[in-house]
Amino acid sequence: MDAGQLLKELEPTVEENLNRHLGVAKEWMPHEYVPWSAGRNFALLDGEPWSVEQSTLSPTARTALEVNLLTEDNLPSYHREVERAFGTESAWGTWVNRWTAEEGRHAFCIRDYLLVTRGVNPDELERARMETMETGYDSGDKPLLNVCAYVSFQELATRVSHRNTGRYTEDPVADKLLTRVAMDENLHMVFYRNIVSAALELAPNDTMRAITDEVKSFQMPGNIIPGFRRKSVQIAKAGIYDLRIHHDDVVLPLLRQWKVFELEGLDAEGEQARSELAETLQALDAEASRFVQKRDEAAAKKATRSED
Ligand SMILES: [Fe+2]
Ligand SMILES: [Fe+2]
């Protein structure tokens, strides 16, 4: 089935899910989550320049918040990508704009929070934002089914990442804010997940291939952020987002929901994609276990050293 036909055949599902989304998404006000009274001027307006001891956040909490914010900041690129795949017509186009509008507030409120609480170095943050957006996000002309599979995983990954970051900060204000943002991401995930479910009925073999390819090649959308590798290791070591979480809380729940391993009637290519998926999962699971074991060993070593 070509892309145009798929768009047309999936349109009723998109419309139904758009309406469901509009019915369940509660309006919320990003400004209500920002502790404005903590804010004060910076140097240019005769205030105090930023310095690190003003932040009550731990270095890892700062890194996680900064990565989450820069990821959200790159929305114009994501908008471009989904609009290219979904188009501007019909319920698809309505969804693209609604989704973009909802995503927009995520960066606003996280930035407001970080600036008024002096949580991160604002100069570094601005430079990193410029660099991230100037690089832009490019999925490389992913086909429609791949985009739908990717965004399902990505929305769930961002939900988990915001939620765990909020908890990790040990700041009830940040936790409340990120919990609210995570609820948006959850509804986005449900929308895309349902489109993929419909695609599995409509074009099971092609959809299976798309899911497999997206699990195999999955990268966080923020992977173009300056220093992302180092930062993501820091985030993984803290247990905010690591391979174990990715496998257990992001990839598996979606595959289970889509019932990919119970699906019947696949052709040879569909079966091939599914067995590749099973192999990929096994490898991911093994890698996740190795990572957790290494992290536990390092923590145990550190504990013995501090007892000495
Ligand atoms: Fe978001
Ligand atoms: Fe989202």
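Everything here concerns the structure above.
Now for a description of the structure that goes with this document. All residue numbers refer to positions counted from 1 along the written sequence of the respective chain. To read the labels, note that chains go from A and ligands from 1, taken in the order they are written. Confidence filtering applies because this is a predicted model: local features only for residues at pLDDT of at least 70, side-chain atom pairs given and counted only at 80 or more, and all residues used for totals across whole chains, interfaces and linings. Hydrogens and water molecules were not included; the side-chain quantities draw on all heavy atoms of the structure.

**Things to note about the overall build of the protein chain**
We count it as follows: The numbering of helices and of strands both runs from the N terminus, where a helix is a DSSP run of H or I of at least 4 residues and a strand a run of E of at least 2. Our radius of gyration is a C-alpha quantity, and the globule rule it is checked against amounts to 2.2 Å times the number of residues to the power 0.38. Classification of residues uses two cut-offs on accessible area relative to the type maximum, computed with a 1.4 Å probe and protein chains only: under 20% is buried, over 50% is exposed, and between them is partly exposed. Pairs of residues are marked as contacts when any of their non-hydrogen atoms sit within 4.5 Å. Computed by Shrake-Rupley with a 1.4 Å probe, the accessible areas treat only the displayed protein chains as cover when residues are assessed. Only four residue types enter the charge count: Lys and Arg as positive, Asp and Glu as negative, with His and the chain ends excluded. Taken as the charge location is NZ of Lys, CZ of Arg, CG of Asp or CD of Glu.
From N to C terminus, the protein chain includes eleven helices and zero strands. In terms of overall dimensions, the protein chain is globule-like: its C-alpha atoms have a radius of gyration of 21 Å, near the 19 Å expected for 308 residues. Its C-alpha atoms give the protein chain principal-axis dimensions of roughly 65 × 50 × 35 Å. Across the 308 residues of the protein chain, 49% fall into the buried class. Restricting to contacts in the protein chain with at least 6 residues of sequence separation, those with at least 24 account for 83%. For the protein chain, the exposed area adds up to about 15500 Å²; of that, 51% sits on carbon and sulfur atoms. For the protein chain, the centre of its 36 positive side-chain charges and the centre of its 52 negative side-chain charges are spaced 5 Å apart.

**Some thoughts on the coordination of the iron ion (ligand 2)**
Keep this limit in mind: Here a donor is any nitrogen, oxygen or sulfur atom (N, O, S) within 2.8 Å of the metal, with 3.2 Å used for Na, K and Ca; water is not among the atoms considered, so some sites may look incomplete.
Summarising the metal site, the iron ion (ligand 2) is bound by the protein donors E103 (OE), E155 (OE), E155 (OE), E185 (OE) and H188 (ND1), whose distances to it range over 1.8 to 2.8 Å. The sequence pattern describing where the donors of the iron ion (ligand 2) fall on their chain is E-x51-E-x29-E-x2-H.

**Side note on the nonpolar core**
When a protein is soluble and globular, its nonpolar side chains tend to lie buried together. We count it as follows: What we call a nonpolar core is a set of buried Ala, Val, Leu, Ile, Met, Phe, Trp, Tyr and Cys residues that are connected through their side-chain atoms within 4.5 Å.
Ranked by size, the top nonpolar core spans 79 residues in total, and within it F86, F153, I211, L255 and W258 carry the most contacts. Per element, the largest residue contribution to this core is 13 residues, and it comes from helix 7 (residues 172–202). Beyond its immediate stretch of four places on either side in the chain, W258 contacts S152, F153, R193, V196, S197, L200 and I211.

**Details of the pattern of salt bridges**
Operational definition: For this document, the term salt bridge refers to a Lys or Arg side-chain nitrogen within 4 Å of an Asp or Glu carboxyl oxygen.
Under the defined criterion, the tally for this structure stands at 18 salt bridges. A salt bridge links R129 to E126; the shortest N-O distance between them is 2.8 Å. One end of the pair is R129 and the other is E126, both in helix 5 (residues 122–135) and three residues apart, which spans about a single turn. For R295, the salt bridge goes to D242, with nearest N and O atoms at 2.7 Å. Placement of R295 in helix 11 (residues 268–307) and of D242 in the loop between helix 9 (228–237) and helix 10 (243–257) is noted, with a sequence separation of 53 residues between them. Since its relative accessible area comes to 22%, R295 is described here as partly exposed. Accessibility expressed as a relative area gives 5% for D242, which makes it buried.

**Side note on the packing of aromatic side chains**
We count it as follows: Centre distance within 6.5 Å is the pairing criterion for rings of Phe, Tyr and Trp, where only the six-membered ring of Trp is used; planes under 30 degrees apart are then read as stacked, over 60 as edge-to-face, and the remainder as tilted.
Under the criterion given, the structure shown has nine aromatic pairs. Note on W28 and Y33: the rings are 5.4 Å apart at their centroids and 85° apart in plane angle, and the pair reads as edge-to-face. For the pair shown, W28 and Y33 are each scored as buried. When the ring of F86 is compared with that of W92, the centres are 4.7 Å apart and the planes differ by 45°; the resulting orientation is tilted. A relative accessible area of 2% means that W92 is categorised as buried. Through successive ring pairs, a cluster of aromatic residues spans F86, W92, W95, F191 and Y192.

**Things to note about the coordination of the iron ion (ligand 1)**
Geometrically, a metal with four donors at the corners of a regular tetrahedron has ideal angles of 109.5 degrees, and one with six donors at the corners of a regular octahedron has ideal angles of 90 or 180 degrees. Coordination of the iron ion (ligand 1) by the protein involves E72 (OE), E72 (OE), E103 (OE), H106 (ND1) and E185 (OE), with metal-donor separations of 2.0 to 2.4 Å. Between the two metals, the iron ion (ligand 1) and the iron ion (ligand 2), the spacing is 3.9 Å, and E103 donates to both. Linking E72 in helix 2 (residues 59–73) with E103 in helix 4 (residues 90–116), this pair joins segments that are 31 residues apart in sequence. Of the two residues examined, E72 and E103, each falls in the buried class.

**A word on empty space enclosed by the protein**
Let me state the cut-off plainly: The way it works is a 1 Å grid over only the protein atoms, where trapped points that fit a 1.4 Å probe form a cavity and open points with protein on both sides within 12 Å along at least five of seven lines form a pocket, and then any residue with an atom within 4 Å of a point lines it. Grid points are joined across faces, edges and corners, and a volume is the space filled by probe spheres set on the points.
Taken as a whole and assessed by the stated rule, the structure comprises two cavities of 30 Å³ or more. There is about 200 Å³ of room inside the largest cavity. Forming the walls of the largest cavity are 19 residues, and the residues nearest its centre are Y78, W99, Y150, V151 and Q154. Only helix 2, helix 3 (75–86), helix 4 and helix 6 (144–169) provide two or more residues apiece to the lining of the largest cavity.

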